[in-house]
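Results of the structural survey
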Amino acid sequence: MTEYWVVKHKSDAESADRAISEAARLLKLGETVAFPTETVYGLGADATNSDAVKGIYSAKGRPSDNPLIVHIADRDQMDAFAGVPAEPLQQLMNAFWPGPLTIIVPVRAGALSPLVTAGLNTVGVRIPDHPVALAVLRAAGCPVAAPSANSSGRPSPTTAEHVAEDLGGRIGGIVDGGATGVGVESTVVEWANGALYVLRPGGVTAEQLRHALPDVSVREPARTEEPAGTPRAPGMKYTHYAPRGSMRVVLGDDPQAVAGWMRRELDAAKARGERTGVLTFDERRGLHRADVVVAAGSLAQPDTIARGLYSALRQFDQQHATFILAEGCPEAGIGRAIMNRLLKAAGHEVVRL
């Protein structure tokens, strides 16, 4: 049975403290607990306890060669399990921690469960910018490995209800702190060969990284780049974030032409018995017709798309869509992370008009 605690603005302080204490108690006992961060909900376990970390992989159905990010409440906690970050990474820590930035650093031998690193000699670390997450981490008093709290491959959870939908009954507890803010996972970066490599775009944009490190080369992965072996960071390998129906991303400069092409494809899919879906934006919702039309957010405010993306993808499952076409968005700023997630969700099935 999964325990469920509500820690929101409407909760009284005593109930919130009790929920935090109980969640931390379960983590100390080697259980798995889902909690909110500013990006998505994470499924946490004591990163030093292999039996506890096994619970993450088991509950999620996660491939064992997909490393986990370790969450801490204070930078001093890194000393026990990680090497000293390179100077540019320290500058980024100063600029973006707490926040949606994960840095890859050398791991101390034997300090963490080898299941966390998936056999790598490095580990991803971050301090989340969410009061509930920080309270849980401080009360637990240990580094907490925490991937997104969803079934592997499914859209990440941005509410506690999403967590319960995927993992209810398979984890120790869920801390409900309301909807998350950023909506897509953290940016993952690594310092190597005198340059900063973005392994996964996320809540901190490439533009922000370049502003923080103006004299450093910031290198982003090619859109279709996939690691052959163990990935250096989560989200680099395998299809992620996907609804159950088939999905393609449609790219084009002319919204009317894109909508016209999509309409013909959707009509054909409808004729062969599919239940059709369109993922679009507020400004273009009226251009589309399908069984399920979902606007993730506004092109004028890309952060709203990031916040609404995973909930939008889950709506297609809730309404049983089997054939889905998704409009792409500009890749400036947070748009890079949005497109990364869309392409992963579609298995890199893309139509360019």
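To be clear, the structure that these remarks concern was listed above.
Residues numbered from 1 in each chain as written. Predicted model: local features only at pLDDT ≥ 70, side-chain atom pairs only at ≥ 80, totals over all residues. Heavy atoms only, no water.

Describing the layout of surface pockets
Gaps left between atoms are located by rolling a probe of water-molecule size over the structure's atoms. Put simply, the test is: Grid spacing is 1 Å over the protein atoms alone, the probe is 1.4 Å, and a cavity is where that probe fits but cannot get out, while a pocket is an open set with protein on both sides within 12 Å along at least five of seven lines and lining residues have an atom within 4 Å of a point. Grid points are joined across faces, edges and corners, and a volume is the space filled by probe spheres set on the points. As a working rule, the residues Ala, Val, Leu, Ile, Met, Phe, Trp, Tyr, Cys and Pro are called nonpolar, Asp, Glu, Lys and Arg charged, and the rest polar, with Gly in that last group.
Its volume calculated, the second largest pocket comes out at about 190 Å³. In terms of lining residues, the second largest pocket is bounded by 14 residues, among which L251, G252, G328, C329 and P330 are the most central. Classifying every residue of the lining of the second largest pocket by side-chain character gives seven nonpolar, two polar and five charged.

Here's the deal with the packing of helix α1 (residues 13-28) against helix α5 (residues 131-140)
Short version of the rule: Angles run from 0 to 180 degrees between N-to-C directions of axes, and those axes are lines fitted to C-alpha atoms, restricted for helices to the stretch in contact. Secondary structure elements are defined from DSSP: runs of H or I of at least 4 residues count as helices, runs of E of at least 2 residues count as strands, and each element is numbered from the N terminus. Should an angle fall under 35 degrees it is called roughly parallel, over 145 degrees roughly antiparallel, and 65 to 115 degrees roughly perpendicular, with every other angle called oblique. Each helix crossing is assigned a hand: it is left-handed if the near helix lies turned anticlockwise from the far helix by less than a right angle, otherwise right-handed if that turn is clockwise. By definition, residues are in contact when any of their heavy atoms lie within 4.5 Å.
Axis separation between α1 and α5 bottoms out at 8 Å; the angle between their running directions is 50 degrees. Overall, the two elements α1 and α5 adopt an arrangement that is oblique. As α1 runs across α5, the sense of the crossing is right-handed. Taking contact as the criterion, the partners of I20, A23, A24, L27 and K28 in α1 are, on α5, V132, A135, V136, A139 and A140.

Let's talk about the nonpolar core
Inclusion rule: The set of buried Ala, Val, Leu, Ile, Met, Phe, Trp, Tyr and Cys residues whose side-chain atoms join them within 4.5 Å is what this entry labels a nonpolar core. The cut-offs for exposure are 20% and 50% of the maximum accessible area for each residue type, with area from a 1.4 Å probe on protein chains only; residues under the lower value are buried, those over the upper are exposed, and the others partly exposed.
Core analysis: the largest hydrophobic core is formed by 65 residues, its most contacted members being M78 and L209. With seven residues, the top contributor of residues to this core is α1. Among all residues touching M78, those that are not within four sequence positions of it are I72, P85, M93, W97, I103, V105 and V125. With 30 residues, the next largest nonpolar core counts M247, L342, L343 and A346 among its residues.

A look at unusual backbone geometry
Cis peptide bonds are those with omega within 30 degrees of zero, and the linkage from W97 to P98 qualifies with -10 degrees. Along the chain, P98 turns up in the loop between α3 (87-96) and β5 (101-106). With a phi angle near 55 degrees, N193 is a residue other than glycine that sits in the positive phi range. In this fold, N193 is placed in the loop between β9 (187-192) and β10 (195-200). The backbone of H320 sits at a positive phi, close to 60 degrees, despite the residue not being glycine. When its relative accessible area of 59% is taken as the criterion, H320 is described as exposed.

Some words on the pattern of salt bridges
Convention followed: Whenever Lys or Arg places a side-chain nitrogen within 4 Å of a carboxyl oxygen from Asp or Glu, that contact is recorded as a salt bridge.
The tally for this structure, following the rule as stated, stands at 21 salt bridges. Its salt-bridge partner being D166, residue R154 comes within 3.6 Å of it at the nearest N-O pair. One end of the pair, R154, is in the loop between β7 (144-145) and α6 (160-167); the other, D166, is in helix α6, and 12 residues separate them in sequence. On the basis of relative accessibility, which here comes to 8%, the residue R154 falls in the buried class. Linking R244 and D317 is a salt bridge whose minimum nitrogen-to-oxygen distance equals 3.6 Å. Pair noted here: R244 is in the loop between β11 (218-219) and β12 (246-251) and D317 is in helix α9 (residues 302-318), with a separation of 73 residues, a long-range link. A residue is classified by how much of its surface remains accessible, and D317, at 9% relative accessible area, is buried. Salt bridges here are not isolated pairs; linked through shared partners, they connect R154, E165, D166, R244, R314 and D317.

Topic: the side chain of Q77
Here is the rule: Pairs of N or O atoms are called polar contacts if they sit within 3.5 Å, as long as, within protein, a hydrogen donor faces a hydrogen acceptor (for residues adjacent in sequence, only side-chain-to-side-chain pairs).
Relative to the helices and strands, Q77 resides in the loop between β4 (69-71) and α3. There is a polar contact of 2.8 Å between the side chain of Q77 and the backbone nitrogen of A73. Once residues lying within four places of it in the same chain are set aside, the contact partners of Q77 are I72, G141, C142 and P143.

This is a description of form; function is not addressed.
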